[in-house]
Amino acid sequence: KEAALTYFNSKPERLTINQSIYLAMVLPAPNSWSESLKNKELTEFASTRFLQILEGMRVKNYISQTQYERALQTGNFGAPIKPQLINATLHK
(Lines give C-alpha, C1' and ligand atoms only; values in the text may rest on other atoms or scores of the structure.)
Protein backbone atom coordinates (compact mmCIF):
# COMPACT_ATOMS: atom_id res chain seq x y z
CA LYS A 1 0.00 0.00 0.00
CA GLU A 2 2.72 2.44 1.02
CA ALA A 3 4.76 1.87 -2.14
CA ALA A 4 1.74 2.35 -4.42
CA LEU A 5 0.96 5.59 -2.63
CA THR A 6 4.57 6.79 -2.50
CA TYR A 7 5.54 6.06 -6.10
CA PHE A 8 2.22 6.44 -7.92
CA ASN A 9 -0.16 8.22 -5.54
CA SER A 10 -2.54 5.32 -6.00
CA LYS A 11 -4.19 2.44 -4.20
CA PRO A 12 -2.71 -0.98 -5.09
CA GLU A 13 -5.91 -2.14 -6.78
CA ARG A 14 -5.78 0.86 -9.13
CA LEU A 15 -2.23 0.31 -10.38
CA THR A 16 -1.72 -0.42 -14.06
CA ILE A 17 0.15 -3.53 -15.16
CA ASN A 18 3.22 -1.41 -15.86
CA GLN A 19 3.09 0.31 -12.48
CA SER A 20 2.75 -3.07 -10.79
CA ILE A 21 5.85 -4.29 -12.61
CA TYR A 22 7.79 -1.16 -11.67
CA LEU A 23 6.93 -1.78 -8.02
CA ALA A 24 7.90 -5.45 -8.30
CA MET A 25 11.29 -4.26 -9.53
CA VAL A 26 11.74 -1.51 -6.92
CA LEU A 27 10.54 -3.09 -3.70
CA PRO A 28 13.33 -5.67 -3.23
CA ALA A 29 16.07 -3.06 -3.76
CA PRO A 30 14.74 0.51 -3.80
CA ASN A 31 18.14 2.17 -4.05
CA SER A 32 19.02 0.17 -7.15
CA TRP A 33 15.81 0.84 -9.05
CA SER A 34 14.54 4.18 -7.89
CA GLU A 35 16.69 6.04 -10.43
CA SER A 36 14.63 4.62 -13.29
CA LEU A 37 11.44 5.71 -11.53
CA LYS A 38 12.77 9.20 -10.80
CA ASN A 39 13.98 9.69 -14.38
CA LYS A 40 10.90 8.02 -15.91
CA GLU A 41 13.28 6.11 -18.17
CA LEU A 42 14.17 2.45 -17.84
CA THR A 43 17.81 1.53 -18.15
CA GLU A 44 18.65 -1.42 -20.40
CA PHE A 45 19.00 -3.59 -17.30
CA ALA A 46 15.65 -2.39 -15.94
CA SER A 47 13.99 -2.96 -19.32
CA THR A 48 15.24 -6.54 -19.31
CA ARG A 49 13.86 -7.11 -15.81
CA PHE A 50 10.55 -5.48 -16.83
CA LEU A 51 10.31 -7.94 -19.74
CA GLN A 52 11.05 -10.93 -17.53
CA ILE A 53 8.31 -9.99 -15.07
CA LEU A 54 5.84 -9.19 -17.86
CA GLU A 55 6.55 -12.49 -19.60
CA GLY A 56 6.00 -14.34 -16.32
CA MET A 57 2.63 -12.63 -15.92
CA ARG A 58 1.62 -13.68 -19.45
CA VAL A 59 2.84 -17.28 -19.14
CA LYS A 60 0.98 -17.72 -15.85
CA ASN A 61 -2.17 -16.21 -17.40
CA TYR A 62 -2.33 -13.29 -14.98
CA ILE A 63 -2.73 -11.04 -18.02
CA SER A 64 -4.11 -11.54 -21.52
CA GLN A 65 -2.11 -11.42 -24.74
CA THR A 66 -3.68 -8.03 -25.48
CA GLN A 67 -2.62 -6.66 -22.09
CA TYR A 68 0.86 -8.08 -22.66
CA GLU A 69 1.21 -6.38 -26.03
CA ARG A 70 -0.10 -3.08 -24.67
CA ALA A 71 2.42 -3.24 -21.82
CA LEU A 72 5.24 -3.77 -24.33
CA GLN A 73 4.12 -0.65 -26.21
CA THR A 74 4.04 1.50 -23.08
CA GLY A 75 6.52 -0.23 -20.77
CA ASN A 76 9.17 2.47 -20.78
CA PHE A 77 7.01 5.07 -19.05
CA GLY A 78 4.74 5.49 -22.05
CA ALA A 79 7.28 4.59 -24.72
CA PRO A 80 7.73 1.13 -26.23
CA ILE A 81 10.31 -1.30 -24.93
CA LYS A 82 13.03 -1.49 -27.60
CA PRO A 83 12.42 -4.42 -29.99
CA GLN A 84 16.04 -5.55 -29.82
CA LEU A 85 15.73 -5.91 -26.03
CA ILE A 86 12.53 -7.89 -26.44
CA ASN A 87 14.22 -10.26 -28.87
CA ALA A 88 17.36 -10.61 -26.76
CA THR A 89 15.46 -11.17 -23.51
CA LEU A 90 12.60 -13.40 -24.61
CA HIS A 91 14.38 -15.52 -27.21
CA LYS A 92 17.31 -16.80 -25.18
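Computed from a predicted model, the values in this text were never measured in an experiment.

(A) Geometry of the pattern of salt bridges. By the definition in use, this model includes 1 salt bridge. For the salt bridge of R58 with E55, the shortest nitrogen-to-oxygen distance reads 2.6 Å. Pair noted here: R58 and E55 are both in helix 4 (residues 44-59), with a separation of 3 residues, about one helical turn.

(B) Summary view of helix 5 (residues 65-74). Taken together, the buried positions of helix 5 are Y68, A71 and L72. Taken around the axis of helix 5, the buried residues stretch over an arc of 100 degrees, which confines them to a single face.

(C) Main features of the packing of aromatic side chains. Per the counting criterion, the structure on display carries 3 aromatic pairs. Three or more aromatic residues joined by ring pairs form one cluster here, namely F8, Y22, F50 and F77. Stacked on the ring of Y68, the Lys or Arg R58 has its end atom at 5.1 Å from the ring centre.

(D) Just the side chain of N18, in detail. Structurally, N18 can be placed in helix 2 (residues 17-26). Discounting residues that sit within four places of it in the chain, N18 has contacts with F50, A71, T74 and G75.

(E) Geometry of the packing of helix 2 against helix 3 (residues 30-39). Helix 3 packs onto helix 2 with a crossing angle of 145 degrees between their chain directions and a minimal axis gap of 8 Å. Here Y22, M25 and V26 of helix 2 come into contact with helix 3, specifically with P30, W33 and L37. In terms of residue class, the contact of helix 2 with helix 3 is made up of 6 nonpolar, no polar and no charged.

The rules behind these values
Residues numbered from 1 in each chain as written. Predicted model: local features only at pLDDT ≥ 70, side-chain atom pairs only at ≥ 80, totals over all residues. Heavy atoms only, no water. Salt bridge = Lys/Arg side-chain N within 4 Å of Asp/Glu carboxyl O. Helix = DSSP H or I, 4+ residues; strand = E, 2+ residues; numbered from the N terminus. Buried < 20%, exposed > 50% of the residue type's maximum accessible area, 1.4 Å probe, protein only. Arc of directions from axis to C-beta. Phe/Tyr/Trp six-rings, centres within 6.5 Å; stacked < 30°, edge-to-face > 60°. Lys NZ or Arg CZ within 6 Å of the ring centre and 35° of its normal. Contact = heavy atoms within 4.5 Å. Axes fitted to C-alpha atoms, helices over the stretch in contact; angles between N-to-C directions. Nonpolar A, V, L, I, M, F, W, Y, C, P; charged D, E, K, R; others polar.

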